[in-house]
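An overview of the molecular structure
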Amino acid sequence: MSKVWKFHNDVDTDQIIASQYLLLPDIEAMKGYTFESLDPDFAKKANPGDIIVAAENFGCGSSREQAPSVLKALGIKAVIAKSFARIFYRNAINVGLLVIVVKDLYDGVEQDDEIELDTVAGVIHAGDKDYACTKLPDMMQQILDQGGLINSLNAEEE
């Protein structure tokens, strides 16, 4: 089971990781400031395996890949949203962060609920209700398992 962190419509990349923290030396240094403007203690309270559930257009704004990278560095298992900004979605896959579109989950869960994500079966268990989600193609699961697109491509060359 994974704890739900629930976020609203149009969470932009600057809300995920503000631009002033991009000057820090690496993702490990940046991750402590994740969602600082929305919840200053998020990085301290989030645990590996937690899941973000968001409304529409998650990850809009700039194309910075640090936004999905800090979520992954904190151990966020997945981001499930009604919709994603296209570049955030691609960057998430590239860095190995699972992103899934599920239209009706947002209205069926609350902050701190416990849910179970089964990408093999294509289902999310939330309370007494099940929600259909994308069954990941083997190739996408391989990319995620290897830590992102670059790691996956490098593994193919070896």
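Below or above, wherever it landed, is the structure these notes cover. (Residues numbered from 1 in each chain as written. Predicted model: local features only at pLDDT ≥ 70, side-chain atom pairs only at ≥ 80, totals over all residues. Heavy atoms only, no water.)

Its location among the elements puts Asn91 in helix H5 (residues 86-95). Residue Asn91 is classed as buried on the basis of its relative accessible area, which comes to 12%. Setting aside residues no more than four positions away along its own chain, Asn91 makes contact with Ser63, Arg64, Glu65 and Pro68. (Helix = DSSP H or I, 4+ residues; strand = E, 2+ residues; numbered from the N terminus. Buried < 20%, exposed > 50% of the residue type's maximum accessible area, 1.4 Å probe, protein only. Contact = heavy atoms within 4.5 Å.)

Applying the stated rule across the entire model yields six salt bridges. Lys45 is the partner of Asp39 in a salt bridge, and the nearest nitrogen-oxygen pair spans 3.2 Å. Residue classification places Asp39 among the buried residues on the basis of a relative accessible area of 16%. Across the pair Lys44 and Asp41 runs a salt bridge, and its minimum N-O distance is 3.8 Å. (Salt bridge = Lys/Arg side-chain N within 4 Å of Asp/Glu carboxyl O.)

Turning our eyes to something else, we now look at the pairing of strand E3 (residues 78-81). Here E3 shows two buried faces, one formed by Ala78 and Ile80 and the other by Val79 and Ala81. For the crossover that starts at strand E2 (residues 51-54), traverses helix H4 (residues 66-73) and ends in the parallel E3, the hand is right-handed. Viewed along the sheet, the connection from E3 through H5 into strand E4 (residues 98-101) turns out right-handed. (Right-handed = clockwise from strand over helix to strand, strands pointing away.)

Attention shifts here to the nonpolar core. The biggest cluster of nonpolar side chains holds 52 residues, and the ones touching the most others in it are Ile52, Phe58, Leu71, Phe88, Leu105 and Ile115. Beyond its immediate chain neighbours, meaning those up to four positions away, Phe58 contacts Val11, Ile16, Phe35, Ile52, Leu71, Val79, Ala81, Ser83, Phe84, Ala85 and Phe88. (Core = buried A, V, L, I, M, F, W, Y, C linked by side-chain atoms within 4.5 Å.)

Okay, the packing of aromatic side chains next. Applying the stated criterion across every chain, the model contains nine aromatic pairs. The interplanar angle of 75° and the centroid separation of 4.7 Å between the aromatic rings of Trp5 and Phe42 together place this pair among those described as edge-to-face. Taken together, the residues Trp5 in strand E1 (residues 2-7) and Phe42 in helix H3 (residues 42-45) connect sequence positions 37 residues apart. What makes Trp5 buried here is its relative accessible area of 3%. Members of the aromatic cluster, joined through ring pairs, are Trp5, Phe7, Phe35 and Phe42. Directly above the ring of Tyr106 sits Lys6, whose terminal nitrogen or CZ lies 4.3 Å from the centroid. (Phe/Tyr/Trp six-rings, centres within 6.5 Å; stacked < 30°, edge-to-face > 60°. Lys NZ or Arg CZ within 6 Å of the ring centre and 35° of its normal.)

Adjacent strands of a sheet pair through backbone hydrogen bonds, lying either parallel or antiparallel. Read from one edge to the other, the open sheet built from seven strands follows the order E4-E3-E2-E1-E5-E6-E7, with strand pairing classed as mixed. Lying at the two open borders of the sheet, with one neighbouring strand each, are E4 and strand E7 (129-132). On average, adjacent strands in this sheet sit at an angle of 30° to one another, irrespective of strand direction. Strand direction decides the pairing type here: strand E5 (residues 114-118) and strand E6 (residues 123-126), joined by four bridges, are antiparallel. Across the sheet, the residue bridging to Glu116 is His125, located in E6. (Pairing = 2+ DSSP bridges. Axes fitted to C-alpha atoms, helices over the stretch in contact; angles between N-to-C directions.)

Residues of E2 alternate between two faces, with Ile51 and Val53 on one and Ile52 and Ala54 on the opposite face, all of them buried. Where E1 lies against E2, four bridges are found, and the strand directions are parallel. For Val4, the partnering residue across the bridge sits in E2 and is Ile51. Here E2 runs beside E3; their pairing, made up of four bridges, is parallel. In the strand pairing of E3, Ile51 is matched with Ala78.

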